[in-house]
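# Structural overview for review
Next come the chains, spelled out residue by residue.
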Amino acid sequence: MSGHVDVLTSKLDGFGTTIFAEMSALAVETGAVNLGQGFPDTDGPQEVLEEAIAAIRRGVNQYPPGLGDPDLRRAVAEHQQRWYGLAVDPASQVVITAGATEALAGALLGMLDTGDEVVVFEPMYDSYQAAIALAGARAVPVLLAPDAGGRYVFDPDELRQAVTPRTKLILLNTPHNPTGKVFDADELALVAEVAIDHDLVVVTDEVYEHLLFDGRRHVPIATLPGMFERTLTISSGGKTFHTTGWKIGWMSGAEPLVAAAKTAKQFLTFVNGAPFQPAMAVGLRMPDAYFDSLAATLQTARDRLVDGLGAAGFTAHVPEATYFITVDIRSVDPSGDGMAFCRSLPERCGVVAVPDEVFYVRPEHGRHLVRFACCKRPDVIDEAARRLAAGFASGSPS
Ligand SMILES: Cc1ncc(COP(=O)(O)O)c(C=O)c1O
């Protein structure tokens, strides 16, 4: 077909190639250190990897059950109980998905009607806007912006005013990509209050649930009073077990919510990743020490990259969790144009980062912000920091 025939659905107007594809291609072309995409460069636990290999060898290579491997569903239920005291029935309240991304798509396609509105905090993980658009619905953003101390916060009135008669659900992500924010008790209580007052569903993306720093604990909004029955909780094993390429995720919660999301999910992939499912069950049952050391190692990496970015002259927002550090580039680049900055960064000093504006419904709010991933080996972080310092610390933008 000619390259000029415009066949893209109008629902995806404006959703071209993702920035990750563009920036990762640039990284390969230029040999730059890729701190753009959020994937770790070390393997996860051997037990988990070995179980996937063993599962392939013992013939776990055909379609798993539609809801997912029953033992993995039990492991997800045990995990929710063990960490959060949440009781979910593995038979009817847990479904395994192709990563959190498919669970999100299933939830949004399965619950939204054309013209519905979704209240969502911006910036946001990039699949949210596309999935909402594919569902024919509209994203209504509530801004997360740094307060005087640099912590990302939102205006409670903006959240309340975002709700209209068309609002069907609130899409929450905590810990939050790209800001590294952990919604605190008051913020979660406010989201819960708005959801209950307006009889809304909350879909919550908790893929960074085990990557919190400085002694913080993750609190699922489903544990708040009155919230279990209206919350669909989504997570995945990619971040927690350094297996982002496996795309094993899950959703859990009250049966009607899981059923709605599953109805759409079953027509997306139906099922996926048979031999990785038992491996993920091994991961979810790892001892506490594994999860503690995972967060501690990442915290050290965060500190290393925050220091490196600071030494290169950037103003870094110190994340409370996740793989990501957002910086304000205006201290090194007065134009404050994050997109142009990221496009020139690989040539200029051999590092790849991602412009935050792609994570906003209203890109102007993120124009001056750039995201670096810290989930990398110390030597990789040090090399990136060295290159950034060489490129910027002299204070002479070229
Ligand atoms: C907030 C958030 N949700 C979901 C995902 C994707 O998860 P998965 O790879 O399990 O689909 C990511 C990956 O970066 C993310 O940052």
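## Notes on the sheet that holds strand β11 (residues 315–317)
Pairing is antiparallel across the open sheet formed by four strands, whose spatial order is β11-β12-β15-β14. In this open sheet, the two edge strands, each paired with only one partner strand, are β11 and β14 (354–355). As defined by bridge partners, strand β12 (residues 324–328) adjoins strand β15 (residues 369–373) across five bridges and the pair is classed as antiparallel. Looking across to β15, one finds that Ile325 is bridged to Phe372.

## Considering the site of the ligand
Residues in contact with the ligand amount to 13 residues; listed here are only the nearest, Thr101, Asn177, Asp205, Tyr208 and Ser236. Between an oxygen atom of the ligand and a main-chain N or O atom of Ala100, the distance comes to 2.8 Å. For the shell around the ligand, the leading source of residues is helix α4 (residues 99–111), giving three residues. By residue class, the composition of the shell around the ligand is five nonpolar, five polar and three charged.

## Digging into the environment of Ala353
In this fold, Ala353 is placed in the loop between β13 (351–352) and β14. In this structure, the C-alpha to C-alpha distance between Ala353 and Ala222, residues 131 residues apart in sequence, is 34 Å.

## A look at helix α8 (residues 255–265)
Among the residues of α8, those classed as buried are Leu257, Val258, Ala261, Ala264 and Lys265. Around the axis of α8, the buried residues are gathered within 130 degrees of arc, so they sit on the same side. Buried positions along α8 lie against β2 (94–98), α4, β8 (201–205), β9 (231–236) and β10 (248–253).

## A word on the side chain of Ser236
Here Ser236 is to be found in strand β9. Discounting chain neighbours no more than four positions away, the residues touching Ser236 are Gly99, Ala100, Val207, Ile248, Gly249 and Trp250.

Conventions adopted
- Residues numbered from 1 in each chain as written.
- Predicted model: local features only at pLDDT ≥ 70, side-chain atom pairs only at ≥ 80, totals over all residues.
- Heavy atoms only, no water.
- Pairing = 2+ DSSP bridges.
- Helix = DSSP H or I, 4+ residues; strand = E, 2+ residues; numbered from the N terminus.
- Near = heavy atom within 4 Å.
- Polar contact = N/O pair within 3.5 Å; in protein donor to acceptor, adjacent residues only side chain to side chain.
- Nonpolar A, V, L, I, M, F, W, Y, C, P; charged D, E, K, R; others polar.
- Buried < 20%, exposed > 50% of the residue type's maximum accessible area, 1.4 Å probe, protein only.
- Arc of directions from axis to C-beta.
- Contact = heavy atoms within 4.5 Å.

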